[in-house]
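The residues making up each chain are set out below.
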Amino acid sequence: MSNKELELNQICKGLSQISGSDWVVIKFEKQISVTNIEPVRFCETVCGAQNKHISLSLRNVCCDGARRCFGWLKNNDVKLAKRLSEKTGVGQEEAYKLIRSVPVLNEKIIGISLGKNIQGDIYISYASPESTMKLIRYWQKMTSQNLNTEISGIMSVCGNVAVKSFLEQKISISFGCPDSRKYGGIEKEQLVIGIPHNIAFSMCS
C-alpha cells in the first residue's frame, strides 16, 4: 500500500473506530477505466468493495433505479413509478411522486469507483443501529446539533444515501429497499448510512 493509499485509508479506519462498522469509499468519476465485471446493482458493489476496488459505468450497472440516480437514465420516471406501483400496491400517481423525490446527480459522471484506498466523495456503511448511534453521538459532540434527515425505502443506497449525501453534504440514513436487502448484502439487523467526505474528514481529524 502506498503512502497516499495509507493516508486515504485512515478515514475508513477512523470511521470504523468511531462506529464499530465497516466503511466503503464512493467516488463519482468524470474519467475512469472501468473493470470488466458482470452487470451488478450498485448496492451489491458497496458490499463487494469491502475487499477489493471496483469501478462501475453505465454498461455494468443493471438497476434502472441506480442508473436514474446517477444521471445515466433519463425520462424514465413514469415506467419506474409503474413498476413501483405494481410491486407495492401504491397508486401510480403517488408512486410517481415518490420516484420524483429521489435525488439525481446534477453533474455528468462517466463512472463510479468504490473501495477503501481512494479519494472519496461519500463514505457508506451497512451498520447496526448501535454503530449508527455511536456515529451520530460522535457527530453531535462535534457539532452540538441534532441530525435532521428524511428516511425513504426507495432507491435507498444509490439515491437516498450516496447521491443525497453528495448533493446535500449531509449525513443520510436509510433502512434499505427490498432489492438492496435481497441483492445488496444488507443484513437483517443493518441499516445504511452515508457521510460526505468533508464531514468524514472532520470527524476523523
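It should be noted that the structure appears before, not after, this text.
All values reported here derive from a predicted model rather than from experimental measurement.

## Details of the sheet that holds strand 6 (residues 191–196)
At step 1: Here we have six strands laid out as an open sheet, ordered 2-3-1-4-6-5, and antiparallel in their pairing. Each of the sheet's edge strands pairs with one partner strand only, and the pair in question is strand 2 (54–57) and strand 5 (172–174). Sheet twist, expressed as the average angle between the axes of neighbouring strands with direction ignored, equals 20°.
At step 2: Taken together, the five bridges between strand 1 (residues 24–29) and strand 3 (residues 111–115) define a ladder with antiparallel strand orientation. Note that in strand 3 the partner of Val 25 across the bridge is Gly 115.
At step 3: Helix 9 (residues 197–204) rests against strand 4 (122–127) and strand 6 of the sheet, and its axis sits at about 90° to strand 6.

## Remarks on the nonpolar core
At step 1: The biggest cluster of nonpolar side chains holds 38 residues, and the ones touching the most others in it are Ile 26, Phe 28, Phe 42, Phe 70, Ile 112, Leu 114 and Ile 124.
At step 2: Considering every element that reaches this core, the biggest residue donor is helix 7 (residues 158–168), with five residues.
At step 3: Residues contacting Phe 28, with those up to four places away along its chain left out, are Phe 70, Leu 105, Ile 109, Gly 111, Ile 112, Asp 121, Ile 122, Ala 162 and Phe 166.
At step 4: Core analysis: the second largest hydrophobic core is formed by 21 residues, Ile 118, Ile 173, Ile 195 and Met 203 among them.

## With respect to the packing of helix 6 (residues 129–143) against helix 9
At step 1: Close contact between helix 6 and helix 9 brings their axes to 11 Å; oriented N to C, the two are set at 80°. If you check the angle between helix 6 and helix 9, you find them roughly perpendicular. Where helix 6 approaches helix 9, its residues Leu 135, Tyr 138, Trp 139 and Met 142 are matched on the opposing element by Ile 199, Ser 202 and Met 203.
At step 2: The residue makeup of the contact of helix 6 with helix 9, split by class, is six nonpolar, one polar and no charged.

## Looking at the pattern of salt bridges
At step 1: Inspection of every chain in the model, using the stated rule, returns eight salt bridges.
At step 2: One salt bridge in this structure joins Asp 121 and Lys 27, with 3.6 Å as the shortest N-O distance. Here Lys 27 lies in strand 1 and Asp 121 lies in the loop between strand 3 and strand 4, a separation of 94 residues in the sequence.
At step 3: Residue classification places Lys 27 among the partly exposed positions, given a relative accessible area of 23%.
At step 4: A salt bridge links Glu 93 to Lys 97; its shortest N-O distance comes to 4.0 Å. One end of the pair is Glu 93 and the other is Lys 97, both in helix 5 (residues 92–100) and four residues apart, which spans about a single turn.

## Overview of the environment of Gly 120
At step 1: Looking at the element boundaries, Gly 120 is found in the loop between strand 3 and strand 4.
At step 2: Along the sequence, Gly 120 and His 197 sit 77 residues apart, while their C-alpha atoms lie 6.3 Å from each other.
At step 3: The residues touching Gly 120, leaving out its near neighbours within four places in the chain, are Val 25, Ile 26, Lys 27 and His 197.

## A few points about helix 9
At step 1: Among the residues of helix 9, His 197, Ile 199, Ala 200 and Met 203 are the ones counted as buried. Along helix 9, the residues classed as buried sweep out an arc of 165° about the axis, all on the same side.

Cut-offs used in this document
- Residues numbered from 1 in each chain as written.
- Predicted model: local features only at pLDDT ≥ 70, side-chain atom pairs only at ≥ 80, totals over all residues.
- Heavy atoms only, no water.
- Pairing = 2+ DSSP bridges.
- Helix = DSSP H or I, 4+ residues; strand = E, 2+ residues; numbered from the N terminus.
- Axes fitted to C-alpha atoms, helices over the stretch in contact; angles between N-to-C directions.
- Contact = heavy atoms within 4.5 Å.
- Core = buried A, V, L, I, M, F, W, Y, C linked by side-chain atoms within 4.5 Å.
- Buried < 20%, exposed > 50% of the residue type's maximum accessible area, 1.4 Å probe, protein only.
- Parallel < 35°, antiparallel > 145°, perpendicular 65-115°, else oblique.
- Nonpolar A, V, L, I, M, F, W, Y, C, P; charged D, E, K, R; others polar.
- Salt bridge = Lys/Arg side-chain N within 4 Å of Asp/Glu carboxyl O.
- Arc of directions from axis to C-beta.

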